[in-house]
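So you can see what is in the structure, the chains are spelled out below.
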Amino acid sequence: MSEFDLIVRNARCATAADVFDADIAIRDGRIAALGRKLPPGREEIDAAGRWVLPGGIDGHCHFDQPMTDGSRMADDFLSGTRSAACGGTTTVLPFACQLKGQSLRAAVEDYHRRAEGKACIDYAFHMIVSDPGPRVLRHELPELIREGYTSFKIYMTYDDLKLGDREIIDVLAVARDEGAMVMVHAENTDCIAWLTERLLRAGRTAPRYHAQARPMLVEREATHRAISYAELVDVPILIVHVSGREAVEQIRWAQGNGLRVYAETCPQYLFLTAEDLGVEEDGHGRMHGAKCICSPPPRDKANQQVIWDGLESGVFQVFSSDHAPFRLDGPDGKMAAGPDASFDRIPNGIPGVETRLPLLFSHGVLGGRLDICQFVALTSTNVAKMYGLYPRKGSIAVGADADLVIWETGVSRTIRNADLHHEVDYTPYEGIPVSAWPALTLSRGQAVWRDGRYVGEAGRGKFLRCELPTPARPKASRETA
Ligand code: DUC
Ligand code: ZN
Ligand code: ZN
């Protein structure tokens, strides 16, 4: 009897650091050996001539998140993780969202119930802290961080989620004391409210005005403010879904001055522009623009280039989907307020958990903008490190989980929603060509996507507790109290 369950033979492996050729031996869901001419396994897969990479980790996606505006996310843990697996992702980190007035612990418990028995790949939770009262700050948040929920998102806009400035400082201080990572949605809420009011009063209600209600200065100002508060408190932060030049300039400045400011960007800022919100005059109606409403909004071609440059030069550490799955049609979808819905009544967010990796592999790596190690770092390794899942996840190493993807390159394919596995009735990336797609996705050694077919099983995905950084991230170097 073979000592290995599976051998992936002749793999051209890439990690965040190295490229090497090896056979990969898998036993009990983990990588048991790496080498040449390993003895036969009970099952064998020949990867000759193909890249074998660590499974993708999507560090920012929304599944089955409770909404307060009557909308509903179309993907739950079943369809969301299925879609992820089919696009080469083996770990997801969606958000347990605290509603205002709710206990944070109740939000986490509720989210576990939503995930139970559904996920086909492994998952961890971020939290969203929307109501940081004394009990949350003193007890719930520190306790949950210690229990393995080591990161949380805060919002500087959206009435049902946003924190005031003093609240932001207070939660940052908890993160500093506990070693947690704070993800910041940086947009200035009062500027957005003022601009929105003016646009609506002038009858400018079509989807394209969404971009005018949230111009870059709104993001720039909030990014600057978040960075300033992080500096004040002396805590690392991650600015999420960065859209363009003005926020990038703030982040570069912070990084250049030695502040621990990390940054994330997403496919929508590479592949969409504000023009995608503004085609309602061409006969498609408002529906078309609504498909691309997300926040911050996509900008223009020049800003896409700034984002590509930031990925290449290391401004960004992580590349996530921000998958926020609202259907266009239906009573709880984007157009629920009717075909003439004003932009402020269209839920923000677009799907992308399945297309994230093929888009970046095709246009980044095969397009000559990123090397393969950068791709692995941005989409897997850095995410695992950022959120305390490394080295179990995010690498090809003996002892790591056998979360692996064999990539088919040289394919000639066009993204079509009909081929995707989410429950959303559109993709904003319809018609974009890609030249790479996973041939096989292994989650802990088990195939979940193989030769164009989903072969996963609901409920096999495990919940992962995230570890706090060891050695612990440096505590405050400056007294602030
Ligand atoms: N913006 C968010 O902040 N979250 C989900 C989607 C979006 O557009
Ligand atoms: Zn956000
Ligand atoms: Zn988001």
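A quick note: this is a predicted structure, and the numbers were derived from the prediction, not measured.

Draft legend 1. Representation of the overall build of the chain in the model. A count of helices and strands for the chain gives 13 helices and 19 strands. Taken over the C-alpha trace, the chain has a radius of gyration of 22 Å; the compact-globule value for 481 residues is 23 Å, and the two agree within 12%. Of the roughly 18,100 Å² of accessible surface on the chain, a fraction of 47% belongs to carbon and sulfur atoms.

Draft legend 2. How the structure looks around the coordination of the zinc ion (ligand 3). The zinc ion (ligand 3) binds to the protein through His60 (NE2), His62 (NE2) and Asp322 (OD), with metal-donor distances spanning 2.0 to 2.1 Å. If you list the donors of the zinc ion (ligand 3) from N- to C-terminus, the spacing comes out as H-x1-H-x259-D.

Draft legend 3. Looking closely at the pattern of salt bridges. Under the counting rule described, the total for this entry stands at 37 salt bridges. Salt-bridge contacts for Arg105 lead to Glu143; the nearest nitrogen and oxygen are separated by 3.9 Å. Taken together, the positions of Arg105 in helix α2 (residues 104-115) and Glu143 in helix α3 (residues 134-146) put the pair 38 residues apart, joining distant regions of the chain. Look at Glu143 and you get partly exposed, because its relative accessible area is 35%. One connected set of salt bridges, linked through shared partners, spans Arg30, Asp122, Arg392, Lys393, Asp401, Asp403 and Arg444.

Draft legend 4. Here's a closer look at the coordination of the zinc ion (ligand 2). Around the zinc ion (ligand 2), the protein contributes the donor atoms Lys153 (NZ), His185 (ND1) and His241 (NE2), which lie 2.1 to 2.2 Å from the metal centre. Considering all 4 donor atoms around the zinc ion (ligand 2), the spread of angles at the metal, 80 to 135°, places the coordination shape in the irregular class. In primary-sequence terms, the residues that donate to the zinc ion (ligand 2) follow K-x31-H-x55-H. Here the zinc ion (ligand 3) and the zinc ion (ligand 2) are spaced 3.7 Å from one another. Note that Lys153 is positioned in strand β11 (residues 151-155) and His185 in strand β12 (residues 181-185), a separation of 32 residues in sequence.

Draft legend 5. Structural detail: the sheet that holds β11. In space, the 7 strands of this open sheet follow the order β8-β10-β11-β12-β13-β14-β15, with parallel pairing throughout. This sheet does not close on itself; its edge strands, each paired only once, are β8 (95-97) and β15 (318-319). Bridge count for strand β13 (residues 237-239) against strand β14 (residues 261-265) is 3 bridges, and the pairing is parallel. Note that in β14 the partner of Leu238 across the bridge is Tyr262. The strands touched by helix α8 (residues 245-256) within the sheet are β13 and β14, with β14 carrying the most contacts at an inclination of about 150°.

Draft legend 6. Main features of the side chain of Asn348. Relative to the helices and strands, Asn348 resides in the loop between β15 and α12 (356-365). A polar atom in the side chain of Asn348 sits 3.0 Å from the side chain of Tyr158. In this structure the side chain of Asn348 is engaged in a polar contact, spanning 3.2 Å, whose partner is the backbone oxygen of Ile346. Non-local contacts of Asn348, meaning those with residues more than four positions away in its chain, are made with Tyr158, His210, Arg214, Ile293, Cys294, Ser295, Ala324, Phe326 and Lys334.

Draft legend 7. Region of the structure containing the packing of aromatic side chains. Inspection of the entire model under this criterion finds 15 aromatic pairs. Ring centres of Phe125 and Tyr149 lie 6.3 Å apart, and the angle between their planes is 35°; on these two criteria the pair is classed as tilted. With Phe125 in the loop between β9 (122-123) and β10 (126-128) and Tyr149 in the loop between α3 and β11, this pair connects stretches of sequence that are 24 residues apart. This pair shows no difference in class: Phe125 is buried, exactly as Tyr149 is. Among the aromatic residues, ring-to-ring pairing joins Phe63, Phe77, Tyr111, Tyr123, Phe125, Tyr149 and Phe463 into one connected group. Lys153 extends its terminal NZ or CZ atom over the ring of Phe95, reaching a point 5.5 Å from the ring centre.

Draft legend 8. View of the side chain of His210. Take His210: it is sitting in helix α6 (residues 209-213). Of the residues examined, His210 reaches a relative accessible area of 2% and is grouped as buried.

Draft legend 9. Main features of the pairing of strand β5 (residues 51-54). Where strand β1 (residues 6-14) meets β5, 2 bridges bridge the pair, whose relative direction is parallel. Counted as the bridge partner of Arg12 is Trp51 from β5. Across 4 bridges, β5 lies against strand β16 (residues 404-414) in antiparallel orientation. When the bridges of β16 are listed, Leu53 appears paired with Val405.

Draft legend 10. Main features of helix α5 (residues 189-201). The end-to-end C-alpha separation of α5 is 18 Å, in line with the 18 Å expected for 13 residues at 1.5 Å each. By the burial criterion, the buried members of α5 are Thr189, Ile192, Leu195, Thr196 and Leu199. The arc enclosing the buried residues of α5, seen along the axis, measures out at 130°, which places them on a common side. Within α5, the exposed residues directed more than 90 degrees away from the buried face are Asp190, Trp194 and Arg201. Of the surrounding elements, those touching the buried residues of α5 are α6 and α7 (216-233). By the N-cap criterion, in which a side-chain oxygen at the helix start approaches the backbone nitrogen of a residue two or three places on, α5 is capped by Asn188, the distance to Asp190 being 3.0 Å. Gly203 sits one or two positions beyond α5 and adopts a positive phi of about 80°.

Draft legend 11. Up close: the site of ligand 1. Every residue close to ligand 1 is listed here: His62, Lys153, Tyr155, Tyr158, His185, His241, Cys294, Ser295, Asp322, Ala324, Asn348 and Gly349. With respect to ligand 1, the side chain of His185 contributes an N or O atom lying 2.8 Å from an oxygen atom. Gly349 has a polar backbone atom sitting 3.4 Å from an oxygen atom of ligand 1. Within the complex, 95% of the 240 Å² of free accessible area of ligand 1 lies under protein. Its residues assigned to classes, the shell around ligand 1 shows 4 nonpolar, 6 polar and 2 charged.

What counts as what
Residues numbered from 1 in each chain as written. Chains lettered and ligands numbered in written order. Predicted model: local features only at pLDDT ≥ 70, side-chain atom pairs only at ≥ 80, totals over all residues. Heavy atoms only, no water. Helix = DSSP H or I, 4+ residues; strand = E, 2+ residues; numbered from the N terminus. Rg over C-alpha atoms; globule rule 2.2 N^0.38 Å. Areas by Shrake-Rupley, 256 points an atom, 1.4 Å probe, with all protein chains shown as cover. Donors = N, O, S within 2.8 Å, 3.2 Å for Na, K, Ca; no water. Salt bridge = Lys/Arg side-chain N within 4 Å of Asp/Glu carboxyl O. Buried < 20%, exposed > 50% of the residue type's maximum accessible area, 1.4 Å probe, protein only. Tetrahedral: all angles 85-135°; square planar, octahedral: opposite > 155°, others 65-115°. Pairing = 2+ DSSP bridges. Contact = heavy atoms within 4.5 Å. Axes fitted to C-alpha atoms, helices over the stretch in contact; angles between N-to-C directions. Polar contact = N/O pair within 3.5 Å; in protein donor to acceptor, adjacent residues only side chain to side chain. Phe/Tyr/Trp six-rings, centres within 6.5 Å; stacked < 30°, edge-to-face > 60°. Lys NZ or Arg CZ within 6 Å of the ring centre and 35° of its normal. Expected span 1.5 Å × (residues − 1). Arc of directions from axis to C-beta. Near = heavy atom within 4 Å. Nonpolar A, V, L, I, M, F, W, Y, C, P; charged D, E, K, R; others polar.

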